[in-house]
Each structure stands twice: as structure tokens, then as C-alpha cells.
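These are the residues of each chain, in order.
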Amino acid sequence: MNLRQLVIDAWSWLNYKPVMTEAGRPGSRVFPELAKTWVPSQELRRLAAYKVLSSYDNNQAGQLAALGGDASALERRELGDAANLVDTALGYLLGSEQKVAVEGAESADEATPTPGAADAAAVQKRLRAWADKELLTFRVQQAERAAVLLGDSVMVLAWNPEKQRPTLRVYDPGFFFPQWDDDADDDFPRRVHLAWDLPADDDAGLKARVRRVTYELGPISEGGDADEETPATGARTYPWEPGRASNTTCYLTDAEWLLEDLNGETLDRLPMSKASFRLGEDGTELNQLDLMIDFVPVVHIANTIPDGGEHWGRSVLARVLQALDELAATDSDSSAASATTGTPIIGLAGARLPVDRATGKAQELEVKAGAVWQLGETGRMDALDTSPQLAELRARVDHLLERIASNSRVTAAGLGTLDATEVPSGYALKLALGPLDALIGMMRLAREHKYRLLFKMVQRLHQAGRAEGWTAGETLPARLAWAPHTPTDRGAVLEEVVTAYGAGVLSLETAVAMLLEAGYPIKDASQEVERIRAMAQQEAEVRMAEAAARRGRDEVDEDQEEDAGPGAAEERKPVKKEVERVPVGAGR
């Protein structure tokens, strides 16, 4: 008797899938690329989970189930519900825009800026210029969709000497293989592989290969460059930590192996003697190349906060995957029932069937508009009514959609399936969106530190590359600022800001920041504050000039009165002209 092996890990929610129940090499029978010998066995469940989730995103879950033994699954209707759930969660996560924000930069334009505010504003301006050139918004959307769908995503930075700036690229998390030391207490791996298969190309004469890009932290080689920053002692002073010597650097290796040359070696033990190393843009062989930095320029983004001892995130589809299967099956049943409702099954008794003159056999009757059937005296026609079953199936579809919205925490209001007439007030809608607010808050919290780490690496790569404007010094904390994920009552926010600022309980900077978060078209808060103050100063100057002009006219009038004598003032007094009052009834 074959029993399934019970496995409890970060992907246990997929255990009901036949492709995930193989204890030895899960998914290798359905996904041939996972059968490669170089793929580490401990990574197979993660890679198989990514494949399964991708099949749902591409409406291929039925094909996957058919490969697992369910032949009827090929007829399953998949209408994009999984992709819609992913895209909806992604839209709420990203908000309307994302901006790079450096702590302290917002006070640079104040009358009494905080210490270091000018430097923070300068770094923020340079980081935003880099973000525009590197299409950061586009890269973030690439990475975040993979993270929301698969649970993980990977971003890699590299210094480009020609562009004089770091480049940012997004990789499939299935290519990401971090090497964690069992005895190490570090938050980040000291060695990371990015590896994938390169298929054979007969036209180019290339055989099937595996490519592996490795970033590894290690001691600085004493045989390094003999410049002022690389003394013979194997220590180096990095520009972001002046006055502190470090003996750690990051090495890059980019190599390929022919699959036919491998004899069961796993990714971390590929024979270097059979490796073919790639060349950099300047012709340098990428074999243990010293990158002149003391960190691994790879950022792993998890969709959720990992459990203790884990490193991987969880897909937004994880908790509702079986419900999506039920929904697809119910949609298929509903489609079949609608066919029999529109074209019902009819039973005839005592009918005279037409005969085919060529064969002499009775012809089949077709149910169509205008058809006439001849029945005998005792003839009878009965139609099978499947409309009640169709109504029940449609009700079940609605029920499943509600369960999916509830259990995924995107909510019916978030998915747009909530009837507006069912919401009695804005407060009720806010309560309905409560689970979505908690979900987005958790997802953004899981990413907060990773984006801070990304911008720290960007600053340090600029310093290491001696880019123009980037001087040596401590790295300033920067983060990715998200826009509100749900619409706000802009009128209420404006009234609150006007009242609080007028009462003096809010500064102008805070008031503008609140309007910016509410969705007002303010591109830069500091520039908006500067414009408001300039307008206020201009209005004050105009009022002062008008007051001075009035005082001047009054002084001139007084001087003229003194010169003209005491009777002149009486002559200039306006004389009231008495108007004769006419009775209302006069003229009648």
C-alpha cells in the first residue's frame, strides 16, 4: 500500500496536488526541467511550487491536473480568476505611485532645517534621478508581480562603467539559490547563485548548458590591485565607512557548463575544471572578479513575512488555491448545464420519424427553431428542464467568489464584486475594506527593509564607482514611499488640513504632506511648500504696499485741510440729498 508522505513546510498548502506528493523529486515527472541533476534536491519543492502557481496564472491548471492523472480536467474552464486576484492585490500594493524618500529631506526648505537636511535633500534628488533613468517604477512592478504570484522575487544590481550608474535587473525566483551556512548567524547569505538552463542551439552549434552566476563574500586577496585603497595587508577602506579598514570583498564568477560534462554534481559543486568563464564588457574574465564592495548586490523580496527559520514568502493564491479549483469545476458544470437549458433534451413518444430515401433509415431529429414533428394520436413530447440546476450552479459560483475574496483578504469590496446598494455608509465600506488594509499593511511591511537595503546598495555602488556628485561618507537611510492603496475623502482631508493649519497645530510641511497622501496633484512637497511661502510673502508685500499708500493719501489730505483752513473740511463733507417720499398709494 503506497501512502503519501506527510510534509509540513512553507509549501504544504500544495500537498493536495499529485505533482507535489512525490517525496523524492516532486514535480520532476510533470516538469522535465526539474529533473536536471544539477538542481539541489532541497530546492525542488520550491521550484515545483513556482511552476504550479504559474500554471494558474496562465489558465493552465487543468492541463497540470490532467498530467497528474485527472483526464477530465482538460475540459475544465478557467476564466482568469487567479490572474485577476493577483493583479488586484498587486494594484493595491503598489498604489498610484512610488517615490524614493530620504529621511530628513522634507525639512530642507524649512526656515530652520534640521541638521543634515540639505545633504538628505541632495541625496534624494540624485536617487530620484537614478530611479528615472533605471525605470525603477517599471522594475518594481516586474518584481512585485512575481512576488505576489509566486511569493518571492529577486532584484540584482550591477555597476555599469559606461553609464556611470548601477543597473537594476529583475530575475525569476526560480533562478535564485542562496547558500546559507548552518553555523552562521547572519541575516543575509554570504554566497548566492543565479542559475538556469541554456537550451541547445543546433543552428549555432551550441549544446545544452547550465549557466551559473555566483556572488560570494570572502577575504580580500593580498595579490589584489596595488593602489592606495588595496594595501598589501589585504585590507581596504570603503568610501561609505571612512576610517575603518575591512578585509571583506565580494567576488563575481559567471561560468557555463555542458550538461553532458556533469556526472550528478549539484549546483554548489559543479567542477570548475570544466567551466567556461564569460567575459565582461572590457574583456575581463569573470572568474573570482573583485567587485570592490563588501556586500552581495542581490535583494530577495518576500511577499509575506516569513515564519521563524524560513526565508521564503507565500503567494496571495496560497490559501485559496483549492477554492479556485472548485470555481473552475463549477464554471465547467455551469457551462454544461446552460447548454442543456438553451437546447434541452427532448423525449418523444409516438413520433413519425422522417426516413432517408437513400438508406431507408430513420433520420435524427434536430431541436431548432421552426422544427415541426408529427406525433401520433398517443404521441407525447417531454423536455428536460435543467434551469433549476443552472441557477443553483450560478449561486454556487457567487458563493465561491465570496469565499475566495474573504479568505484571500482582498475582500469583495476590493475585488469590485460588492453591490454598492449593500453599503449603507462610507464607514461601513471602511469596515468592509479592513481585511484588505491589514493585508496591504503586512505586505508593505515585509518589503520595507528590502527596499531600504536596495537604496543603500545603490548609494554605495555610486560611491564605489566614483560617480559624479557622490562623495565618501555615511550612507543615508532611504525608503520607497507608497501612495494610499484605497481612495480617500479628499474634501474631508482638505477641511481638516485647513482647520488644523489655521489653528496653528500643524506645520505647513505636515499639511502639504497630508494633501499629498490624500491624492492631490502635488509632485514635490518641498517645492510646493516653497511656492506657498513665496505666494504668502508676495501677498503680504502687496498688503503692506496698499497700507502704505493709504497712509500716504491720508497724510496728504490732512496737510491740505490744514493749509485750506477750518472751513475747508466742512465744504468737502458729502451733502445728503433729501428725496421726497412718495406715498405708496399715490397715482392710483
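What you see is a predicted model; the values in this text were computed from it and never measured. (Residues numbered from 1 in each chain as written. Predicted model: local features only at pLDDT ≥ 70, side-chain atom pairs only at ≥ 80, totals over all residues. Heavy atoms only, no water.)

A few words now on the packing of helix α4 (residues 117–133) against helix α10 (residues 434–464). Between α4 and α10, whose axes approach to 11 Å, the crossing angle comes to 95°. The pairing of α4 with α10 is recorded here as roughly perpendicular in orientation. For the pair α4 and α10, contact is made by V123, L127 and W130 and by F455, V458, Q459 and H462, respectively. (Axes fitted to C-alpha atoms, helices over the stretch in contact; angles between N-to-C directions. Helix = DSSP H or I, 4+ residues; strand = E, 2+ residues; numbered from the N terminus. Parallel < 35°, antiparallel > 145°, perpendicular 65-115°, else oblique. Contact = heavy atoms within 4.5 Å.)

Regular strands show a simple pattern: their side chains alternate between the two faces of the sheet. Most of strand β12 (residues 298–302) sits out of view: five of its five residues are buried. As paired strands, strand β2 (residues 152–160) and β12 are joined by five bridges and run antiparallel to one another. If you follow M155 over to β12, its bridge partner there is V299. (Buried < 20%, exposed > 50% of the residue type's maximum accessible area, 1.4 Å probe, protein only. Pairing = 2+ DSSP bridges.)

What follows concerns the environment of L270. Looking at the secondary structure, you find L270 in the loop between β9 (248–258) and β10 (276–277). For the pair L270 and W257, spaced 13 residues apart in sequence, the C-alpha to C-alpha distance is 8.1 Å. The residues contacting L270, other than those within four sequence positions of it, are W38, V210, R212, W257, L262 and E265.

Moving on, we get to a nonpolar patch on the surface. Among the surface-exposed residues, L348, L375 and M381 lie close enough to one another that they form a single nonpolar patch of about 240 Å² accessible area. Within the fold, M381 resides in strand β14 (residues 374–383). (Patch = residues over 30% accessible without salt bridge, like charges linked within 9 Å, V, L, I, M, F, W, Y side chains within 5 Å. Areas by Shrake-Rupley, 256 points an atom, 1.4 Å probe, with all protein chains shown as cover. Salt bridge = Lys/Arg side-chain N within 4 Å of Asp/Glu carboxyl O.)

Applying the stated criterion to the full structure yields 23 salt bridges. A salt bridge links R191 to E216, with the nearest nitrogen and oxygen atoms 3.7 Å apart. Of the two residues, R191 is situated in strand β5 (residues 191–198) and E216 in strand β6 (residues 209–219); the sequence distance between them amounts to 25 residues. Residue classification places E216 among the partly exposed positions, given a relative accessible area of 26%. Residues R209 and E256 are paired through a salt bridge, measuring 3.3 Å at the closest nitrogen-oxygen approach. Of this pair, R209 sits in strand β6 while E256 sits in strand β9, placing them 47 residues apart in sequence. For the pair R209 and E256, a shared accessibility class is recorded, and that class is buried. The structure contains a network of salt bridges with shared partners spanning K17, D70, R76 and D325.

This part covers the sheet that holds β2. Spatially, the three strands line up as an open sheet ordered β3-β2-β12, and their pairing is antiparallel. Looking at strand neighbours, the two that pair on one side only are β3 (165–171) and β12, the edges of this open sheet. Here the strands of the sheet are splayed against their neighbours by 25° on average, with no regard to which way each runs.

The backbone of Q164 shows a phi angle near 60°, a positive value even though the residue is not glycine. Residue placement: Q164 occurs in the loop between β2 and β3. Taking the relative accessible area as the measure of exposure, Q164 reaches 37% and is therefore partly exposed. Even without being glycine, R409 reaches a positive phi, approximately 70°. By the element assignment, R409 lies in the loop between α7 (387–408) and α8 (412–415). Residue classification places R409 among the partly exposed residues on the basis of a relative accessible area of 31%.

The interhelical angle for the contact between helix α1 (residues 44–57) and helix α5 (residues 136–150), taken along N-to-C directions, is 105°, at an axis separation of 9 Å. Compared by their axis directions, α1 and α5 come out roughly perpendicular. Along the contact surface, α1 presents Y50, L53, S54 and D57, while α5 presents R145, L149 and L150.

Right, let's talk about the confidence of the model for the protein chain for a bit. Note that predicted coordinates carrying low pLDDT should not be read in detail. The share of residues in the protein chain with pLDDT of 70 or more is 87%, and the mean pLDDT across the chain is 84. For the stretch residues 575–588, pLDDT sits under 50, and the model shows zero contacts to residues farther than four places along the chain or on other chains. (pLDDT = per-residue confidence, 0-100.)

Within this structure, the stated rule accounts for seven aromatic pairs. Geometrically, the ring pair formed by F176 and W312 is edge-to-face, given 6.1 Å between the ring centres and 80° between the ring planes. On the criterion of sequence distance, the pair formed by F176 in strand β4 (residues 176–179) and W312 in the loop between β12 and α6 (321–342) is long-range, its members being 136 residues apart. W312 shares its class with F176; the two are buried. Linked through ring pairs, Y171, F175 and W196 together constitute an aromatic cluster. It is R46 that lies over the ring of F177; its NZ or CZ is 5.6 Å from the centre. If you follow R46 out to its NZ or CZ, it ends over the ring of W312, 4.0 Å from the centre. (Phe/Tyr/Trp six-rings, centres within 6.5 Å; stacked < 30°, edge-to-face > 60°. Lys NZ or Arg CZ within 6 Å of the ring centre and 35° of its normal.)

With 14 residues, α1 should reach 20 Å at 1.5 Å per residue; the first-to-last C-alpha distance of 20 Å fits that figure. Burial runs high along α1: twelve of the 14 residues are buried. Residues of α1 that are buried: L44, R45, R46, L47, A48, A49, Y50, V52, L53, S55, Y56 and D57. At the C-terminal side of α1, N59 shows a positive phi close to 55°. (Expected span 1.5 Å × (residues − 1).)

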